[in-house]
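Structure at a glance
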Amino acid sequence: MESIKTTFEFGNILAVRENGMSGVSVTYTLFESDFQIDSRFIYSIRLVTCSEQGTHAVSACDICRERAEALRLLDLLADGMVTSCTLFDILDDIL
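Quick look at the structure, then. Quick caveat: nothing in here was measured; it's all calculated off a predicted structure. (Residues numbered from 1 in each chain as written. Predicted model: local features only at pLDDT ≥ 70, side-chain atom pairs only at ≥ 80, totals over all residues. Heavy atoms only, no water.)

Another aspect to go through is the overall build of the chain. The secondary structure content of the chain amounts to 2 helices and 5 strands. Counting from the amino terminus, helix and strand elements in the chain follow one another as β-β-β-β-β-α-α. Taken against the 2.2 N^0.38 rule, which gives 12 Å for 95 residues, the C-alpha radius of gyration of the chain at 13 Å falls within 12% of a compact globule. Its C-alpha atoms give the chain principal-axis dimensions of about 40 × 35 × 20 Å. Residues counted as buried form 33% of the 95 residues belonging to the chain. A sequence separation of at least 24 residues applies to 40% of the contacts in the chain between residues at least 6 apart. Working note: accessible area of the chain is about 6,000 Å², and carbon and sulfur atoms make up 51% of it. Looking at charge distribution, the chain has the averaged site of its 7 positive side-chain charges lying 5 Å from that of its 15 negative ones. (Helix = DSSP H or I, 4+ residues; strand = E, 2+ residues; numbered from the N terminus. Rg over C-alpha atoms; globule rule 2.2 N^0.38 Å. Buried < 20%, exposed > 50% of the residue type's maximum accessible area, 1.4 Å probe, protein only. Contact = heavy atoms within 4.5 Å. Areas by Shrake-Rupley, 256 points an atom, 1.4 Å probe, with all protein chains shown as cover. Lys, Arg positive; Asp, Glu negative; His and termini not counted. Charge placed at Lys NZ, Arg CZ, Asp CG, Glu CD.)

Here is the structure:
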């Protein structure tokens, strides 16, 4: 049986992706709320960027309300190696 890690702030962890290059690694975590609004879950994402300069984490809450779209966004961010310092600019462009 698979266990689901949770965090009180965002809900259940739905997926985690990691990417890295040139001394920078980024962990992308997609969360699904543990409650529904209008019969839909809320999806949020957290990025943690680690480099020689240190660790920087940011979160974007309520990025969408559809699971397939949330997973697509996670893949776009991870495949494009979006870092925590550019997350909100990229989300503005995508959404």
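Looking at the element boundaries, Thr83 is found in the loop between α1 (67-79) and α2 (87-94). Taking relative accessible area as the criterion, Thr83 reaches 18% and is therefore assigned buried. Setting aside its immediate chain neighbours within four residues, Thr83 contacts Val26, Leu47 and Thr49.

Before going further, it helps to spend a moment on the pairing of strand β5 (residues 54-64). Pairing of strand β4 (residues 40-51) with β5, which is carried by 8 bridges, proceeds in the antiparallel orientation. Among the inter-strand pairings, Val48 is bridged to a residue of β5, identified as Ala57. A loop of 2 residues connects β4 with β5, the two strands running antiparallel in sequence. (Pairing = 2+ DSSP bridges.)

All quantities given are derived from atomic positions and should not be read as evidence of function.
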